[in-house]
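Tertiary structure, described
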Amino acid sequence: MVVQLFSCLDKISYIEWAFDSECILCGLYKRPMIQAWSLTQPEWTCKIDEGPAGIAYARWSPDSRHILTTSDFQLRLTVWSLVNTACVHVQWPKHASKGVSFTQDGKFAAICTRRDCKDYINLLSCHTWEIMGVFAVDMLDLADIEWSPDDSAIVIWDSPLEYKVLIYSPDGRCLFKYQAYESGLGVKTVSWSPCGQFLAVGSYDQMLRVLNHLTWKTFAEFLHLSTVRAPCYAVVFKEVDEPLQLDMSELCLSDDFMQGNSGIWGFLVIDATEGHVRVRYEVMDVPITLPSQKPPADKPNPKQGIGLMSWSKDSRYICTRNDSMPTAVWIWDIHHLELAAILVHKDPIRAAAWDPTCPRLVLCTGSSHLYMWTPSGAYCVSNPLPRFSVTDLKWNSDGSCLLLKDKESFCCAAMPILPESSEYSSDD
């Protein structure tokens, strides 16, 4: 059922829901303009025009009553109030879509800026949008910033040209400086665990390192090797095609066809298109060599290192993808500090998302199938929709529904709670 239908002035480049789900933001970057709409008050409209400055990116504030826009060339970041039409400017933001992080309670914002060839962190109050403090950071080229889940610390990391991770307190004190090595490409991904006790750092050296929040020391290092050898207590699942089985017991041909009196040729056609091919996981023995690719040395942004990393809701498991082995997903058990499982697929991993209520991981590879893992096992699910390739996915907040996205369409899949059993198959 269509709840509301809004018409924008130009092509929509970006769309985002407000945190309270009452308003929706539409970015018309080519114009450049922002339009906002209210579902509860359809007659209310909002239009933000940056003029010659342009708009490179727009986002909601946590209170859903302000919109933050970044101008072209990162000249300024503007906070627009939807309550009293006031605006606040922050000069020289470091990035367009990155470099902004809010506390979990939505009271403060940390914004990265750069001036005079030096990076700074600006702390703003999300109530008045006044600058509470500004401090310089020891970075060559700051890549991004993220508040800890308990709002007690801020982590920033450098560009891939230099391995450097710095942890600051909100008052600007540097709590810890982490540098795993000096030569070679550095940090690729950084992620806090939901509990706030662990900080995971993925690097170009194909290593995942986990720091604790008490001493900020590394307590676990997980290496992604192309060959898995014993002793290995992890279960290796590999995607294989399920043989096509036909029941020929009740197949019969008419007498006219057998005698050739029908005057026409008959053909038996078996529909074995991609949408009807079934796949399943097969448990493999070690040693096993995973499919890998060596990035070319003469091209920038090499496809290697930890490019995908995601924590489970209970902070016990973390899944990773080494970009030089894009078809494999590694699942690590933080409680036991060991590898729990490896899932090997035919196609590269497009997206991975944990169930927000339990340790259940869902993957997609751009095929018509979904791939799921729980501590009890792994299994494949076929999408019944014809010619629907899952390129991205996202859970809803209570874990009862999964949004699946194709190139030109999407669908919603109901996700029931799984039984506590170790027996899983593609038919479940």
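Residues numbered from 1 in each chain as written. Predicted model: local features only at pLDDT ≥ 70, side-chain atom pairs only at ≥ 80, totals over all residues. Heavy atoms only, no water.

On the surface, Phe 73, Leu 75 and Trp 92 cluster together to form a nonpolar patch covering roughly 370 Å² of accessible area. Mapped onto the fold, Phe 73 is located in the loop between β6 (66–70) and β7 (76–81). (Patch = residues over 30% accessible without salt bridge, like charges linked within 9 Å, V, L, I, M, F, W, Y side chains within 5 Å. Areas by Shrake-Rupley, 256 points an atom, 1.4 Å probe, with all protein chains shown as cover. Salt bridge = Lys/Arg side-chain N within 4 Å of Asp/Glu carboxyl O. Helix = DSSP H or I, 4+ residues; strand = E, 2+ residues; numbered from the N terminus.)

With respect to the secondary-structure elements, Ala 234 resides in the loop between β21 (227–228) and β22 (235–241). Here Ala 234 falls in the buried class, since its relative accessible area comes to 11%. Along the sequence, Ala 234 and Leu 339 sit 105 residues apart, while their C-alpha atoms lie 5.5 Å from each other. Ala 234 has contacts with Leu 339, Ala 340 and Ala 341, leaving out every residue within four places of it along the chain. (Buried < 20%, exposed > 50% of the residue type's maximum accessible area, 1.4 Å probe, protein only. Contact = heavy atoms within 4.5 Å.)

What follows is about the packing of aromatic side chains. Overall, the coordinates contain 16 aromatic pairs when judged by the stated rule. With a centroid separation of 5.3 Å and 75 degrees between ring planes, the pair formed by Tyr 317 and Trp 373 is classed as edge-to-face. One end of the pair, Tyr 317, is in strand β26 (residues 317–322); the other, Trp 373, is in strand β31 (residues 369–374), and 56 residues separate them in sequence. We note that Tyr 317, like Trp 373, is buried. Through successive ring pairs, a cluster of aromatic residues spans Tyr 14, Tyr 29 and Tyr 57. It is Arg 115 that lies over the ring of Tyr 120; its NZ or CZ is 4.0 Å from the centre. (Phe/Tyr/Trp six-rings, centres within 6.5 Å; stacked < 30°, edge-to-face > 60°. Lys NZ or Arg CZ within 6 Å of the ring centre and 35° of its normal.)

Read from one edge to the other, the open sheet built from four strands follows the order β1-β2-β3-β4, with strand pairing classed as antiparallel. Every interior strand has two partners, whereas the edge strands, β1 (14–17) and β4 (45–48), have only one. The mean inter-strand angle of the sheet, taken between neighbouring strand axes irrespective of direction, is 15 degrees. In this sheet, strand β2 (residues 23–28) lies alongside β1 in antiparallel orientation, the contact comprising four bridges. Bridge pairing in β2 links Ile 15 to Cys 26. (Pairing = 2+ DSSP bridges. Axes fitted to C-alpha atoms, helices over the stretch in contact; angles between N-to-C directions.)

The next subject is the nonpolar core. Membership of the largest hydrophobic core comes to 23 residues, with the highest contact counts inside it found for Leu 208, Val 210, Leu 290, Ile 318, Trp 330 and Ile 342. Sequence-distant contacts of Leu 290, that is, excluding residues within four places in its chain, are made with Leu 225, Ser 226, Val 228, Met 325, Ala 328, Trp 330, Ile 342 and Val 344. Of all hydrophobic cores here, the second largest spans 19 residues; its members include Val 329, Ile 331, Ile 349 and Cys 380. (Core = buried A, V, L, I, M, F, W, Y, C linked by side-chain atoms within 4.5 Å.)

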